[in-house]
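# Residue-level structure breakdown
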Amino acid sequence: MANAHNNDAFVRTEMAPTLPPPRSQVGVIGWMRASLFSSWWNTILTLVGLYIIWLVVPGLIQWAFVDAVWTGSDREACLASAVGHEVGACWAFVRAKIGQFVYGRYPDAEIWRVNVAYFVGIAGLIPLLIPSVPFKAANVIFMLGIYPVLTLILLTGGHFDIGAGGWVTLAVFLAIALALVLFFSRWAGIIDPKAGLTAWGVGSGALVALVAALSVDWGLAPVPTSLWGGLLVTLVVAVTGIVASLPIGILLALGRRSKMPVVRLFSIMFIEFWRGVPLITVLFMASVMLPLFLPEGVTFDKLLRCLIGVTLFAAAYMAEVVRGGLQAIPRGQYEGAQAMGLSYWKMMGLVVLPQALKLVIPGIVNTFIGLFKDTTLVLIIGLFDLLGIIQLNFTDANWSTPTTGHTGYAFAAAVFWIFCFGMSRYSIFMEHRLSAGERR
């Protein structure tokens, strides 16, 4: 019996061919089983979702495309009584007003300046966002140092009246900055003297060059900011707030974790004050209340006051996001950097902040997206952003139809969604590239 049992044994001498996975586990069917019908609860949710899509999407397509009016010169093109059938979206209204939606009331003869600013901005931003493109340092210097000045001169016309008082104010400001650098480097010992003086020298040179460039007559016709509007104002407010709030927020986050009581107290008071006040109140105070406290004859442009208010408001939220990243860094990272003899700023710049900022990329981008959408609040102080200029055109009697308002809001929603979705997808791309998501 034992020999018979041994004769029935089977020993494989060749590798079995690799079989493909079951069709029910791969492809579209496999994805649907795993993602949509993996349990009875998910099946119910999937069916409910499909039912909602069946209710909404056909009607939306019918309204936005099938019954839409694409061409026309006035409201008659979008009236059902005039065309003889039901009318969906009045895209003819958007086509007729697209110039105001993009440029506001910017003079037609000077629109080329806005287009140049748009083109240069896009041409500089695309290589900056692509990691494989070389010359990143030069690109960053151009986008953060040269492009804002170029855009300011193009949009306003330049030739600001600086005057002797402006130069004296600048000299006093630079003297105070130098005194602070000397105090924190030589007496307080917080920063490296050589690095501090170098930073002061570079910053002073940049400020002097900026003021000199703004005072030069470039031969451009001045365009007051009261004529700006539409997407131009939306981008100016959003980009300024995003670019300026990040470094200020990082400094506030470091200040809140500082061991110096004065710096920590100032940072806490600043953050808690701005976080405790609604943005509408900040804009209202900057527009209406601030001029009341300024000396007679001293005034600031309304858009500039808005930009300062939005930047400080966003910086307070950014500071808390960055502080969360700083708290997530293990103490050993600090101790390791200190053991290598790194100064405070080198420890933060080379060791701590790169890791902390990488951890809070979703929070940073979330703040950016929120700020971009909050730009619609500038309407309360009389600045017409994209949504504001669209609402303003609803009052045009030539385009007053039952579907004009719906079409305008749909267009505004589509534009905001494109920008916000783009920022969201790029943050996911950078998060995966930096492998922040896999480690945490």
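Look up: the structure comes first, before these words.
Residues numbered from 1 in each chain as written. Predicted model: local features only at pLDDT ≥ 70, side-chain atom pairs only at ≥ 80, totals over all residues. Heavy atoms only, no water.

### Let's talk about the packing of aromatic side chains
Throughout the structure, instances matching the rule amount to 21 aromatic pairs. Here the aromatic rings of F93 and F394 are separated by 6.2 Å at their centres, their planes lie at 35 degrees, and the arrangement is tilted. In this pair, F93 is assigned in helix α5 (residues 91-103) and F394 in the loop between α17 (386-393) and α18 (404-433), connecting sequence segments 301 residues apart. We classify F93 as buried; its relative accessible area is 0%. An aromatic cluster of at least three residues, connected via ring pairs, comprises F93, F101, F394, W399, Y409 and F411. (Phe/Tyr/Trp six-rings, centres within 6.5 Å; stacked < 30°, edge-to-face > 60°. Helix = DSSP H or I, 4+ residues; strand = E, 2+ residues; numbered from the N terminus. Buried < 20%, exposed > 50% of the residue type's maximum accessible area, 1.4 Å probe, protein only.)

### Regarding the side chain of S427
In this fold, S427 is placed in helix α18. The exposure class of S427 is buried, given its relative accessible area of 8%. Contact partners of S427, with chain neighbours within four places excluded, come to I361 and V365. (Contact = heavy atoms within 4.5 Å.)

### Brief notes about the environment of L170
Structurally, L170 can be placed in helix α8 (residues 163-187). Those residues in contact with L170 that lie beyond four places of it in its chain are L207, V208 and V211.

### Section: the pattern of salt bridges
Scanning the entire structure with this criterion turns up eight salt bridges. Of the charged contacts in the structure, one is a salt bridge between D396 and K97, with a shortest N-O distance of 2.5 Å. With D396 in the loop between α17 and α18 and K97 in helix α5, the pair connects residues that are 299 residues apart, well separated along the chain. Overall, K97 belongs to the buried group, its relative accessible area being 10%. One salt bridge connects E110 with R113, and the closest N-O pair in it is separated by 2.8 Å. Looking at E110, the relative accessible area reads 18%, which means it is buried. The buried category is assigned to R113, whose relative accessible area is 0%. Each of the salt bridges in this network shares a partner with another, and the network as a whole consists of R256, E272, R275, E320 and R323. (Salt bridge = Lys/Arg side-chain N within 4 Å of Asp/Glu carboxyl O.)

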